[in-house]
Amino acid sequence: MAGAFSLREVLAAFRACVTERREVLLGPYLCGWQGLIRFLHSLGAVFSFISKDAVAKVQIMESYCGGEQRERYVSLQSMVEYELASGLVDIQKRSGRPDSGCRTVLRLHRALRWLQLFLEGLRTGGEDSRTSVICADSYNASLAAYHPWVIRKAAAVAFCTLPSRNAFLEIMNVGTPEEAVAMLGEALPYICDVYSITQELFAQHKLLDLP
């Protein structure tokens, strides 16, 4: 996952995620996440508590997508159908077996919501908007509910060290801040679409609270 973050690559990956049948393809989804992880890494150790977990979850999913049952892991929908039918998902409490794809994607799904809200806040904010506030508000509206107090406290302190909004927009590697804002406007609807389809699918199968 080395290399500089490119918003353009993330846009291309999430654009390729959703099929005409509204299925989410796991290959492009994981590519999009690799790009988002590079974004987190470019911010330094501040977000390591999220990026380390995301790296581990992406690696788990890559092993499923390249494993013996790879044809079952082409899309999110085929994965959910296969794992539920095969009894691979721990619904009530965790067993000693490896994490299911459903549980793994759920963790990425929750983090994607935070990133979606944060990037939208950067896009719509003014030049003098405080990124620490944007980030904290996004975190509190998404991931915070799933983190213990110690991590929430550490996150609050870390957010105070974030660079300016323009510095964030430069990290996007697409040109001027104005160009970065324009590309965020293009990319976020695709990310939002993937999030919404996943949310609906997991709600339908009662998978949103997997242990």
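Here, every reference points to the structure presented above.
If you're wondering where the values come from, they're calculated on a predicted model, not measured in any experiment.

**Q** Could you clarify how one ought to interpret the packing of aromatic side chains in this entry?
**A** To describe a pair of aromatic rings, you give the distance between the ring centres and the angle between the ring planes. One pass over the full model with this rule turns up eight aromatic pairs. Both rings, one in phenylalanine 118 and one in phenylalanine 168, keep their centres 5.3 Å apart while their planes meet at 85°; by these two values the pair is edge-to-face. Placement of the pair is phenylalanine 118 in helix α5 (residues 101-124) and phenylalanine 168 in helix α8 (residues 165-171), with a sequence separation of 50 residues. When sorted by exposure, phenylalanine 118 lands in the same class as phenylalanine 168, which is buried.

**Q** What is the right way to read the pattern of salt bridges from this model?
**A** Pairs can form between side chains of opposite charge whenever their charged atoms are close. Overall, the coordinates contain six salt bridges when judged by the stated rule. Across the salt bridge formed by glutamate 186 and arginine 15, the nearest N and O atoms sit 2.8 Å from each other. One end of the pair, glutamate 186, is in helix α9 (residues 177-204); the other, arginine 15, is in helix α1 (residues 7-15), and 171 residues separate them in sequence. Its salt-bridge partner being lysine 57, residue aspartate 53 comes within 2.8 Å of it at the nearest N-O pair. Taken together, the residues aspartate 53 and lysine 57, both in helix α3 (residues 48-65) and four residues apart, mark about one turn of the helix. With a relative accessible area of 9%, lysine 57 lands in the buried category.

**Q** Can you help me understand the packing of α3 against α5 in this one?
**A** Axis angle and axis distance: for two packed helices, these are the angle between their axes and the distance between the axes, and together they describe the pair. Relative orientation of the contacting elements α3 and α5 amounts to 140°, with a least axis distance of 10 Å. In terms of their interaxial angle, α3 and α5 are classed as oblique. α5 is crossed by α3, and the crossing has left-handed handedness. Packed against α3, whose contacting residues are Ile50, Ala54, Lys57, Val58, Ile60, Met61 and Tyr64, the element α5 presents Gly101, Arg103, Thr104, Val105, Arg107, Leu108 and Trp114 at the interface. Class assignment for the residues of the contact of α3 with α5 results in nine nonpolar, two polar and three charged.

**Q** I tried to follow the nonpolar core on my own but got confused; where do I start?
**A** Looking at soluble globular proteins, one finds that nonpolar side chains tend to be buried together. One finds Tyr29, Trp33, Phe39, Phe47, Trp114 and Met172 to be the most contacted residues of the largest nonpolar core, which totals 67 residues. Leaving out residues up to four positions away in the same chain, phenylalanine 47 has contacts with Leu40, Trp114, Cys135, Phe159 and Leu162.

**Q** Is there a simple way to explain the side chain of arginine 110 in this structure?
**A** Tracing the backbone shows arginine 110 in helix α5. Of the side chains with opposite charge, aspartate 209 lies nearest to the buried arginine 110, which makes no salt bridge, at 4.7 Å. Aside from chain neighbours lying at most four places away, what touches arginine 110 is Ser142, Leu143, Tyr146, Leu208, Asp209 and Leu210.

**Q** Would you mind showing me how to read helix α7 (residues 149-159) here?
**A** Every α-helical turn comprises 3.6 residues, leaving residues that sit three or four positions apart pointing alike. Along α7, the residues classified as buried are Ala155, Ala158 and Phe159. Projected down its long axis, α7 carries its buried residues within an arc of 90°, all on one side. Seen from the open side of α7, the exposed residues pointing more than 90 degrees away from its buried face are Trp149, Val150 and Val157. Tucked into the core, α7 has its buried residues touching α3 and α6 (131-140).

Parameters at a glance
Residues numbered from 1 in each chain as written. Predicted model: local features only at pLDDT ≥ 70, side-chain atom pairs only at ≥ 80, totals over all residues. Heavy atoms only, no water. Phe/Tyr/Trp six-rings, centres within 6.5 Å; stacked < 30°, edge-to-face > 60°. Helix = DSSP H or I, 4+ residues; strand = E, 2+ residues; numbered from the N terminus. Buried < 20%, exposed > 50% of the residue type's maximum accessible area, 1.4 Å probe, protein only. Salt bridge = Lys/Arg side-chain N within 4 Å of Asp/Glu carboxyl O. Axes fitted to C-alpha atoms, helices over the stretch in contact; angles between N-to-C directions. Parallel < 35°, antiparallel > 145°, perpendicular 65-115°, else oblique. Left-handed = near helix turned anticlockwise from the far one by under 90°. Contact = heavy atoms within 4.5 Å. Nonpolar A, V, L, I, M, F, W, Y, C, P; charged D, E, K, R; others polar. Core = buried A, V, L, I, M, F, W, Y, C linked by side-chain atoms within 4.5 Å. Lys, Arg positive; Asp, Glu negative; His and termini not counted. Arc of directions from axis to C-beta.

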